Number of protein chains: 2
Amino acid sequence: MTTTNTAEISPRDRILEAAEELFARRGFAAVGISEIAESVGMSKSSLFHHFRTKAQLYAATVDRVLAEVDLELTRTLARGGSAADRLDRWIEVLIDLMARTPAHARLLLRSLFEEDEISNVLPEQQEADEKLQRIIQHANNVLRDGMAQGELRVANIPHTIQTLIGIIVYHFASGEFGDELIGRSIFHSDEVKRRKREIKAFLHHGLVIERGL
Amino acid sequence: MTTTNTAEISPRDRILEAAEELFARRGFAAVGISEIAESVGMSKSSLFHHFRTKAQLYAATVDRVLAEVDLELTRTLARGGSAADRLDRWIEVLIDLMARTPAHARLLLRSLFEEDEISNVLPEQQEADEKLQRIIQHANNVLRDGMAQGELRVANIPHTIQTLIGIIVYHFASGEFGDELIGRSIFHSDEVKRRKREIKAFLHHGLVIERGL
DNA sequence: ACATTATTCGACCGATCGGTCGGTCGATGA
DNA sequence: TCATCGACCGACCGATCGGTCGAATAATGT
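Bear in mind that the values here come from a model prediction, so they are computed numbers and not experimental data.

Brief notes about the relation of the copies chain B and chain A
So, step 1. The two copies are related by a screw motion: chain B maps onto chain A through a turn of 180° and a shift of 0.0 Å along the axis, at an RMSD of 0.0 Å. When the rotation and shift are considered jointly, the pair of chain copies conforms to a two-fold rotation axis.
So, step 2. Comparing interface residues between copies, 100% of those in chain B also lie at the interface in chain A; the contact surface is shared.

Things to note about the protein's contact with DNA strand C
So, step 1. The full set close to DNA strand C counts 18 residues, and Ser43, Ser45 and His50 of chain A together with Lys44 and Lys54 of chain B are the nearest of them.
So, step 2. Across the atoms of DNA strand C situated within 4 Å of the protein, the share located in sugar and phosphate is 39%.
So, step 3. Going through the elements one at a time, α1 (11-26) and α3 (44-50) of chain A together with α2 (33-40) and α3 (44-50) of chain B are the ones with two or more residues in the surface near DNA strand C.
So, step 4. The greatest single-element share of the surface near DNA strand C, amounting to four residues, is contributed by α3 of chain A.

Concerning helix α7 (residues 123-148) of chain A
So, step 1. Here α7 of chain A is 26 residues long and its end C-alpha atoms lie 37 Å apart, about the 38 Å a rise of 1.5 Å per residue gives.
So, step 2. Following α7 of chain A by one or two positions, glycine 150 of chain A adopts a phi angle in the positive range, close to 80°.

Brief notes about the environment of phenylalanine 187 of chain B
Residues and elements named next belong to chain B.
So, step 1. With respect to the helices, strands and loops of the structure, phenylalanine 187 is situated in the loop between α9 (175-182) and α10 (189-205).
So, step 2. A relative accessible area of 25% places phenylalanine 187 in the partly exposed class.
So, step 3. Put simply, phenylalanine 187 and tryptophan 90 are 97 residues apart on the chain and 19 Å apart in space, counted from C-alpha to C-alpha.
So, step 4. Other than its neighbours up to four places away in sequence, phenylalanine 187 contacts Met98, Ala99, Pro102, Phe172 and Val192.

Reading the values: the criteria
- Residues numbered from 1 in each chain as written.
- Chains lettered and ligands numbered in written order.
- Predicted model: local features only at pLDDT ≥ 70, side-chain atom pairs only at ≥ 80, totals over all residues.
- Heavy atoms only, no water.
- Least-squares fit on C-alpha atoms with pLDDT ≥ 70 in both.
- Contact = heavy atoms within 4.5 Å.
- Near = heavy atom within 4 Å.
- Helix = DSSP H or I, 4+ residues; strand = E, 2+ residues; numbered from the N terminus.
- Expected span 1.5 Å × (residues − 1).
- Buried < 20%, exposed > 50% of the residue type's maximum accessible area, 1.4 Å probe, protein only.

That is the geometry; function is a separate question.
Shown next, in the form of structure tokens:
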């Protein structure tokens with residue numbers, strides 16, 4: 001507690017956090033720079049000192065989220081285990097991460113389905129793309145191994161990845177609609193646990209009961 | 001073929017079609033009124049002759065999509081059959097509709113996960129909400145019946161609905177990302193058929209193979 | 001002590017935003 | 001023939017957009 005406290009969060013990170021919250025909720029176009037600056041507690045011009053353009057700020061925000069997702073997935077998959085175990089952990093880690101940081105889920109979904117929100121020649125955008133590729137590659141490897149080992153039913157891998165994204169990411173990005181449908185916050189800890197159980201039951205048993213067995 | 005040809009599409013519908021295409025691709029905030037007007041081939045002021053505000057135009061666009069979804073689902077479910085059959089048709093109709101009109105999928109996903117894009121007191125918005133409720137209610141009924149009849153595994157119904165939305169709507173809304181992941185257009189007819197097969201296999205068998213059976 | 005660097009800011013810019021207004025035009029009906 | 005009406009448009013409005021610039025201030029290294 002001397003004169004200046006440099007142990008605090010850097011202004012750059014404070015901007016990134018505020019930007020993530022706003023971009024996640026309303027998207028790139030609907031959020032103004034001045035609004036982000038106000039939320040951080042600085043002037044618009046100060047914000048432009050840390051990020052050259054709005055597009056660069058957005059790309060950096062997305063990159064930051066994807067970096068965290070990639071890091072956690074890489075870490076958990078490095079522990080090895082059977083393909084079924086690794087798939088379990090891939091799902092578990094992704095759910096925990098999005099349940100912990102709701103804005104991540106929405107920004108992740110946006111980065112998947114929004115088209116060219118930004119110019120796509122920014123270095124931050126390219127780095128984010130590479131991280132997304134790695135995240136998908138993780139799923140790809142686990143599914144390939146599991147099917148080769150006979151632990152997983154043989155299915156089309158890209159479609160299976162889309163299914164996993166839809167089941168996990170969409171759910172935690174569904175906001176008010178999800179809350180209304182479920183009946184309480186989709187981020188309530190009991191509801192997150194229930195989501196895990198439901199997903200695992202789906203993966204293990206499907207939904208339709210086979211007749212004539 | 002007399003003097004005037006009134007059998008053409010009304011200007012209102014031409015606007016709605018152009019607006020859907022643009023709103024679906026880039027969202028409410030990123031699309032300007034003048035851009036829509038230009039796409040229709042009329043001036044901005046003419047557009048405001050047919051719709052009072054941008055928000056009203058957006059609400060009407062969403063309402064139009066939900067009306068079509070609701071209509072087709074109501075129609076196919078009215079044909080009756082076992083719960084498993086009706087679930088099959090619910091899925092099939094939804095997939096066919098979105099494969100036929102890609103913009104529908106993206107606008108539907110936006111209407112689910114985008115928060116208060118518009119003021120929410122517009123009558124068009126409330127009508128759209130009611131249609132969405134009916135669509136969900138259809139799924140609710142089918143799932144409840146199926147579980148009661150022992151045709152479907154007993155699961156949490158709201159979570160199961162989220163899963164179905166994620167599997168179907170997200171996939172067809174995933175745009176460029178989906179195309180890249182799958183390797184060709186997700187709307188290619190072969191790929192749509194494959195999606196149906198994959199979803200049905202998932203519903204019937206899950207993904208993980210149970211050991212020790 | 002000084003120079004350097006990082007951080008912040010107010011004032012300002014051209015462009016575009018959603019929306020309004022007054023009025024033109026052609027078709028319709030009496 | 002004349003009044004009405006829906007469709008359409010150009011000109012314009014205040015507000016906000018993303019972004020620039022020059023200067024003031026605070027922190028740091030020497």
